Amino acid sequence: ARIVAKVNEIMSKIDEYEKLENQLVKLKEQFPQDMKDSLLQASMMGKLTEQLDSELSPFVDSKVDINEYDYDLPTNWNVVKIMSVSDLYTGNSISASIKKSKYAGLACGFNYIGTKDVGFDCSISYDNGVKIPYDESKFKIAKKNSTLLCIEGGSAGKKIGIVSEDVCFGNKLCSFNAGEHINYKFQYYVIYSPIFKKRFIENKSGMIGGVSIKKLKEILIPLPPLEEQQRIVDKLDELLPLV
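Bear in mind the structure is a predicted one, so any value in this text is a computation, not a measurement.

Calculation notes
- Residues numbered from 1 in each chain as written.
- Predicted model: local features only at pLDDT ≥ 70, side-chain atom pairs only at ≥ 80, totals over all residues.
- Heavy atoms only, no water.
- Phe/Tyr/Trp six-rings, centres within 6.5 Å; stacked < 30°, edge-to-face > 60°.
- Helix = DSSP H or I, 4+ residues; strand = E, 2+ residues; numbered from the N terminus.
- Lys NZ or Arg CZ within 6 Å of the ring centre and 35° of its normal.
- Buried < 20%, exposed > 50% of the residue type's maximum accessible area, 1.4 Å probe, protein only.
- Polar contact = N/O pair within 3.5 Å; in protein donor to acceptor, adjacent residues only side chain to side chain.
- 1 Å grid on protein atoms, 1.4 Å probe; cavity = no way out; pocket = protein on both sides within 12 Å on 5 of 7 lines; lining within 4 Å.
- Points joined across faces, edges and corners; volume = space filled by probe spheres on them.
- Nonpolar A, V, L, I, M, F, W, Y, C, P; charged D, E, K, R; others polar.

Asker: So what exactly am I meant to see when it comes to the packing of aromatic side chains here?
Answerer: Two numbers describe a pair of aromatic rings. These are the distance of the centres and the angle of the planes. Within the structure shown, the criterion is met by seven aromatic pairs. Centroid distance Phe 176 to Phe 196: 6.4 Å. Interplanar angle 80 degrees. Geometry classified as edge-to-face. With Phe 176 in strand β9 (residues 173–178) and Phe 196 in helix α4 (residues 194–202), this pair connects stretches of sequence that are 20 residues apart. Here a set of aromatic residues connected by ring pairs shows up, and it is made of Tyr 188, Tyr 189 and Tyr 192. Stacked on the ring of Phe 120, the Lys or Arg Lys 159 has its end atom at 4.9 Å from the ring centre.

Asker: Is there a simple way to explain unusual backbone geometry in this structure?
Answerer: The general pattern is negative phi for most residues beyond glycine and trans for most peptide bonds. We note that Cys 122 has phi near 75 degrees; this positive angle belongs to a residue other than glycine. With respect to the helices and strands, the residue Cys 122 is situated in the loop between β3 (110–113) and β4 (131–132). Despite not being glycine, Asn 145 shows a phi value in the positive range, around 80 degrees. Within the secondary structure layout, Asn 145 lies in the loop between β5 (141–142) and β6 (147–150). Taking relative accessible area as the criterion, Asn 145 reaches 26% and is therefore assigned partly exposed.

Asker: How do you make sense of helix α3 (residues 184–192) when you look at a structure like this?
Answerer: Within an α-helix, residues lying three or four positions from one another point in the same direction, as the helix has 3.6 residues per turn. A large share of α3 lies buried, amounting to eight of its nine residues. Within α3 the residues assigned to the buried category are Lys 185, Phe 186, Gln 187, Tyr 188, Tyr 189, Val 190, Ile 191 and Tyr 192. For α3, the N-terminal cap is Asn 183; the gap from its side-chain oxygen to the backbone nitrogen of Lys 185 is 2.8 Å.

Asker: How should the layout of surface pockets be read in this particular structure?
Answerer: The gaps of empty space that remain are located by a probe, the size of a water molecule, rolled over the atoms. In this structure, the largest pocket spans a volume of roughly 190 Å³. Lining the largest pocket are 13 residues, with Cys 122, Tyr 188, Tyr 189, Tyr 192 and Leu 240 sitting closest to its centre. Put simply, the parts of the chain that give the lining of the largest pocket at least two residues each are α1 (2–43), α3 and α6 (226–239). By residue number, the principal contributor to the lining of the largest pocket is α3, which donates four residues. A class-by-class count of the residues in the lining of the largest pocket yields eight nonpolar, one polar and four charged.

Dropping the structure here:
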């Protein structure tokens, strides 16, 4: 009887240790993303870099009431609709048969980026064997340094990356071409941040889950002075790889 009691005692402790180990594994897996989100959120609220009152935000969106924004910002920052500082549009769909017969194996042209070519790690794969001839004007182009974001399907809001060259792209991806008032890398970090993701999720709808281009354009983002945007980019470029 004493042996049975001791075995039962040991087994209960093993179960307890297993639960603790599972919690530690989960924490270890989640920690890097939590840390990234904390850094991105802090940077989008002006808490990661030095603020200089002599610098002013480069654009005022007259259609936005800053009181509509959920987060406290430095006094020399503005809040704008993303469409006010960036050109947004989705790409072109190609059926599998047309892609194979007409656009696969071409020697030159714009690389065609589909959702599958954008990784969850923010990478973009260009070598998928599909190119669009330079003279096919019906295809939309995401310019070099644009941000591509998946806005439809299971990967909506989760796949994002910056293109290192001019590309054609799929209709489930949205290209954000930064204008003169926003640093292209700062734009990317804004879209990657939990502040933007929260708005994105709030606007998702439909059976397959996605955000319409109309709603996407209306999302509010913080707009620091251009000098501050660069400082934020430099700081995040330094810190995020360490995470």
